[in-house]
Amino acid sequence: MNQEIRERTKWFMDARFGMFIHWGIYAVPACGEWMMSQKRMPVEEYERYFDLFDPVDYDPAAWARLAKKAGMKYAVLTAKHHDGFCLFDSALTDYKATNTKAGRDLVREFLEAFRAEGIRVGLYFSVIDWHHPDFPKYADRNHPMRGCERFKDEVIDFDKYLAYMHGQVRELVTGYGKLDILWFDFSYDDMCGEKWKASELIKMVRTYQPDVIIDNRLEGSGEKNGSIATASPLSYSGDFASPEQIIPPEGIRDEQGELIPWELCATMNNHWGYCNCDHEFKPADMLIRKLAECVSKGGNMLLNVGPDARGRIPDESVRILTQIGAWMDKNSESIYGCGISRIPKPEWGRYTQKGDIVYAHVCEAPLGSLPLYGIGPDELEGAFYLADGSEIRRGETWNTAQFKKTAFLTFGEEASFTYPLPDKTDTVLKLVLKGNRG
Ligand code: GLC
């Protein structure tokens with residue numbers, strides 16, 4: 001990984017937690033954003049949702065307050081998804097929010113509202129476009145019209161599509177102020193890299209937004225990382241890897257074994273775009289632990305919400321984000337700016353680390369004293385509950401005497417007794433080590 005990427009991603013690696021927002025006219029049929037492809041729906045049929053889209057409750061300031069309350073430091077909104085519909089006022093198409101009942105540039109309002117809350121802003125942009133006439137259809141593996149005889153011998157001008165796509169990216173990077181993240185999506189088969197004229201695209205983007213952080217999907221997808229994970233990243237390798245719906249077992253490293261910036265993107269239920277019959281939401285305590293897991297492996301978590309057709313973030317998501325926020329309120333010091341600890345993973349949870357400070361994320365109550373795996377009794381200067389700053393008693397006692405290599409703590413007064421975890425989700429202990437163990 002080169003120095004430039006390291007410099008650029010500094011804030012991103014510190015931020016650790018962001019909000020993904022999948023929103024578009026697909027919120028009307030409410031089956032997720034791939035519905036057009038899954039149902040093999042022709043453009044003319046799908047456009048019905050364009051006519052119906054009327055987000056009367058769209059209040060990006062409320063979304064921004066929620067993201068902030070949850071402890072999220074950045075947010076990424078789908079400016080355009082695969083269906084080709086634009087939430088922004090593109091001069092290059094009529095298929096945009098300004099021409100729906102909304103009648104406004106919804107991207108601009110999003111950017112303003114989130115910036116006002118001090119949240120960094122990013123835009124997702126689909127390089128795939130199922131609405132554009134010059135995008136491949138018959139032989140494409142994802143297009144709604146794949147295998148459809150009507151398009152078998154159709155002649156398209158892909159360069160015309162590329163000019164359109166590049167033009168829209170230009171609109172986004174020139175017309176909306178400083179963007180912190182650009183999230184392209186996605187490459188597959190030969191639809192990859194220079195097929196998108198990726199080096200030209202990136203050159204243009206960097207002219208206007210030199211510091212913007214870009215994902216790796218001009219080359220990659222949830223399936224592969226692309227050249228960012230090699231010894232010589234290409235100009236369009238992007239700045240971070242984007243594992244999807246999976247936490248990489250050991251983080252993500254390049255060929256030289258150096259950790260590269262990565263960001264898990266994950267849904268809260270099982271869909272990105274709003275789905276009114278999907279109530280399989282992951283509970284807040286699980287998501288909190290997964291966030292800590294990402295950080296303990298050197299990565300970020302971009303957690304998705306799929307606002308409904310009226311523009312509201314589903315109640316379940318609001319509830320979960322509020323619960324995450326209550327935990328973050330007391331424990332975010334163990335998340336922001338933290339990363340992999342040099343001390344191996346303990347059995348009861350995880351360690352994260354920032355400088356010399358090690359944070360123990362205890363997710364399982366010990367029987368008797370808590371062994372601080374990997375830390376010797378003489379190495380520990382002090383241990384504190386992060387949530388209230390109070391000191392935790394040492395747990396060395398008669399029955400720990402034979403385990404001389406390990407420091408122990410107790411959650412109560414009597415070290416050989418068993419106590420419940422103060423925070424059942426993840427009790428964070430701030431460990432101050434002697435010398436420079438960090
Ligand atoms: C996928 C999907 C998409 C979603 C994205 C988020 O590649 O095509 O619908 O937006 O991943 O990571």
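Look up a bit, the structure's there.
Chains are numbered independently. Their residues run from 1 in the order of the written sequence. Restriction of local features to residues with pLDDT of at least 70 applies here, the model being predicted, together with a cutoff of 80 or more for giving and counting side-chain atom pairs; totals for whole chains, interfaces and linings are based on all residues. Processing note: side-chain calculations cover all non-hydrogen atoms of the structure and skip hydrogens and water entirely.

Below, the discussion takes up the site of the ligand. If you check the shell around the ligand, you find 14 residues, and the closest are H22, E33, W34, H81 and H82. Counting of polar contacts relies on pairs of N or O atoms within 3.5 Å, with two restrictions inside protein: one atom must be capable of donating a hydrogen and the other of accepting it, and residues adjacent in sequence are counted only when both atoms are side-chain atoms. At 2.4 Å, a side-chain N or O of E33 approaches an oxygen atom of the ligand. The contact in question runs from an oxygen atom of the ligand to an N or O atom on the side chain of R217, over 3.3 Å. Surface accessibility in these figures is a Shrake-Rupley result with a 1.4 Å probe; residues are shielded only by whichever protein chains are displayed. Compared with its free state, where it exposes 310 Å², the ligand has 95% of that area covered by protein. Under the grouping applied here, Gly and all other residues not named as nonpolar or charged are polar, the nonpolar ones being Ala, Val, Leu, Ile, Met, Phe, Trp, Tyr, Cys and Pro and the charged ones Asp, Glu, Lys and Arg. Per-class residue counts for the shell around the ligand are 7 nonpolar, 3 polar and 4 charged. Any residue with a heavy atom lying within 4 Å of a molecule or strand is counted as near it.

Attention shifts here to the nonpolar core. Of all hydrophobic cores here, the largest spans 104 residues; its most connected members are F114 and W196. Under the scheme used here, helices are H or I runs from DSSP no shorter than 4 residues and strands are E runs no shorter than 2 residues, and both carry numbers assigned from the N terminus. When residues in this core are grouped by element, the largest group, 8 residues, is from helix α8 (residues 158-175). Of the domains in this structure, domain 1 (3-337) and domain 2 (341-433) are the two that each give at least three residues to this core. Only heavy atoms matter for contacts: two residues are in contact if any of them lie within 4.5 Å across the pair. When sequence neighbours within four positions are dropped, the list of residues in contact with W196 reads V127, I128, F135, F158, Y161, L162, M165, H166, F186, S187, M191 and L218. The criterion is simple. A nonpolar core is a set of buried Ala, Val, Leu, Ile, Met, Phe, Trp, Tyr and Cys residues joined through side-chain atoms within 4.5 Å. The buried label goes to any residue with under 20% of its type's maximum accessible area, the exposed label to any with over 50%, and the partly exposed label to all in between, with areas taken from a 1.4 Å probe on protein chains only. Grouped together as the second largest cluster of nonpolar side chains are 20 residues, V358, V362, I375 and L433 included. Domain ranges listed in this record stem from an automatic or a database domain assignment.

One can find W262 in the loop between β5 (213-214) and β6 (263-266). What makes W262 buried here is its relative accessible area of 0%. Residues W262 and I252 lie 10 residues apart in sequence; the distance between their C-alpha atoms is 6.8 Å. When sequence neighbours within four positions are dropped, the list of residues in contact with W262 reads F240, A241, P243, I247, P248, G251, I252, C294, K297, G298, G299 and N300.

Before going further, it helps to spend a moment on the environment of L433. Within the secondary structure, L433 is located in strand β15 (residues 427-433). Judged by its relative accessible area of 6%, L433 is buried. Taking the C-alpha atoms as reference points, L433 and D254, 179 residues apart in sequence, are found 31 Å from one another. For L433, the contacting residues outside a window of four places in its chain are I343, V358, I375, E379, L380 and E381.

For every element, the axis is a line fit to its C-alpha atoms; helices are fit only across the contacting stretch, and the angle between N-to-C directions ranges from 0 to 180 degrees. Put simply, helix α10 (residues 284-296) and helix α11 (residues 315-331) touch, their axes get as near as 9 Å, and they point 50° apart. Relative to α11, the element α10 is oriented oblique. Two packed elements cross with a definite hand, and for α10 against α11 that hand is right-handed. Taking contact as the criterion, the partners of A284, L287, I288 and L291 in α10 are, on α11, I320, Q323, I324, W327 and M328. Taken together, the residues of the contact of α10 with α11 break down into 8 nonpolar, 1 polar and no charged. With respect to orientation, any angle under 35 degrees is reported as roughly parallel, any angle over 145 as roughly antiparallel, any angle of 65 to 115 as roughly perpendicular, and every other angle as oblique. Crossing handedness is read from the near helix: turned anticlockwise from the far helix by less than a right angle, it gives a left-handed crossing, and turned clockwise, a right-handed one.

Quick look at the packing of α8 against helix α9 (residues 198-208) now. Axis separation between α8 and α9 bottoms out at 9 Å; the angle between their running directions is 15°. In terms of axis orientation, α8 runs roughly parallel to α9. Note that α8 runs across α9; the crossing there is right-handed. Where α8 abuts α9, its residues M165, H166, V169, R170, V173 and T174 lie against E200, L201, M204, V205 and Y208.

Limitation: the analysis is restricted to geometry and does not speak to function.
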